[in-house]
Amino acid sequence: MRKERIERVSSGIPGLDELIEGGFPKGSTILVSGGPGTGKTIFSLQFLVNGALKYGESGVYISLEEDTKRMIHYMGSIFNWPLKELMKKKKLVMIKSDIFEFEKFKILIENNVEMINAQRLVIDPITVISLFFERPLEIRRSLLDLDRLLKKLECTTLITCEIPEGRKAISSFGIEEFTSDGIIVLSFISESFPRALQVRKMRATNHDTGVHPFEIKKTGIVLYPLERIFSR
């Protein structure tokens, strides 16, 4: 029986596509999880920038925490990413959400995706969604509802999740890993190679499971797929 070919979307991260059969499954939702300073925001914005520059795919970045005007300034200067130019050409939307009503938040996502016919979407970080609700059960229901919306929009989506240092969990609420099609964990490992990446899950993909070092360079994140970090 012939295996059905899965359409792939490049991650935009040099070295990563080699570990995941050429890219993320198109239309999938990927959880990018890690502690403070591990590179989650850089990773997710690089996914959008390279998607627009190299593949002509428009993208929406929704920040639930950091001011996007500040991000445009320092991310553009550090990595020389043409963020303002991409926004003028409607290949990129960067918006700070100050909405604390879940239904309005979903409308915000849908409107911005439809406005530029986006193929890529980032929500950074999902952890802040807990402020919308009082009870854990409401948070879990909202995440399931959000997953349904993302599937309807058919965007390839990255959702970032911050994990406190020393915690062994890979998500904030214990359900994101089940609603996501893929999980990428970013972490600090050692002084020689301080940052590392591991693909913990990727549906419909024969993916690598090793822990690989990466660096943040002038062009963004560069992963070293042929190198592995071994730890007890």
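Analysis parameters
- Residues numbered from 1 in each chain as written.
- Predicted model: local features only at pLDDT ≥ 70, side-chain atom pairs only at ≥ 80, totals over all residues.
- Heavy atoms only, no water.
- Buried < 20%, exposed > 50% of the residue type's maximum accessible area, 1.4 Å probe, protein only.
- Helix = DSSP H or I, 4+ residues; strand = E, 2+ residues; numbered from the N terminus.
- Pairing = 2+ DSSP bridges.
- Salt bridge = Lys/Arg side-chain N within 4 Å of Asp/Glu carboxyl O.
- 1 Å grid on protein atoms, 1.4 Å probe; cavity = no way out; pocket = protein on both sides within 12 Å on 5 of 7 lines; lining within 4 Å.
- Points joined across faces, edges and corners; volume = space filled by probe spheres on them.
- Nonpolar A, V, L, I, M, F, W, Y, C, P; charged D, E, K, R; others polar.

Participant: Please clarify how the pairing of strand β3 (residues 29–34) should be interpreted in this entry.
Facilitator: For a regular strand, the rule is simple: side chains alternate between the two faces of the sheet. Within β3, 6 of the 6 residues are buried, which leaves the element mostly enclosed by the surrounding structure. Here β3 shows two buried faces, one formed by Thr 29, Leu 31 and Ser 33 and the other by Ile 30, Val 32 and Gly 34. Pairing of β3 with strand β7 (residues 156–162), which is carried by 6 bridges, proceeds in the parallel orientation. Its bridge partner lying in β7, Leu 31 is registered against Ile 159. Relative to strand β8 (residues 182–188), β3 runs parallel, the two sharing 5 bridges. Its bridge partner lying in β8, Ser 33 is registered against Val 185.

Participant: How should I be thinking about the pattern of salt bridges in this particular structure?
Facilitator: Oppositely charged side chains can form a pair if their charged atoms are brought close together. Within the structure shown, the criterion is met by 17 salt bridges. The residue Asp 181 makes a salt bridge to Arg 203 at a minimum N-O spacing of 2.8 Å. A residue pair is termed long-range when its members are at least 10 positions apart, and Asp 181 in the loop between α6 (176–179) and β8 and Arg 203 in the loop between β9 (195–202) and β10 (211–217) qualify at 22 residues. By relative accessible area, Arg 203 is classed as partly exposed at 39%. Its salt-bridge partner being Asp 208, residue Arg 228 comes within 2.8 Å of it at the nearest N-O pair. Placement of the pair is Arg 228 in the segment after β11 (220–223) and Asp 208 in the loop between β9 and β10, with a sequence separation of 20 residues. Note on Arg 228: relative accessible area 43%, which makes it partly exposed. Take Asp 208: its relative accessible area is 17%, and that puts it in the buried class. Each of the salt bridges in this network shares a partner with another, and the network as a whole consists of Glu 103, Lys 106, Asp 145 and Arg 148.

Participant: Mind showing me how you'd approach empty space enclosed by the protein here?
Facilitator: Any empty space left between atoms is shown by rolling a water-sized probe over those atoms. Within the structure shown, the criterion is met by 1 cavity of 30 Å³ or more. The computed volume of the largest cavity comes to approximately 90 Å³. Taken together, 11 residues form the lining of the largest cavity, with Thr 29, Leu 143, Ile 159, Thr 179 and Ser 180 sitting closest to its centre. For the lining of the largest cavity, the leading source of residues is helix α5 (residues 136–153), giving 4 residues. Residue composition of the lining of the largest cavity, by class: 6 nonpolar, 3 polar and 2 charged.

Participant: Sorry if this is basic, but what is going on with the layout of surface pockets here?
Facilitator: Roughly 210 Å³ of volume is contained in the second largest pocket. Around the second largest pocket, the lining is made up of 14 residues, and of these Lys 40, Thr 41, Glu 66, Asp 124 and Glu 162 lie nearest the centre. Secondary structure elements with two or more residues in the lining of the second largest pocket: α1 (40–55), β4 (59–63) and β7. Here the element with the most residues in the lining of the second largest pocket is α1; it accounts for 3 residues. Classifying every residue of the lining of the second largest pocket by side-chain character gives 3 nonpolar, 6 polar and 5 charged.

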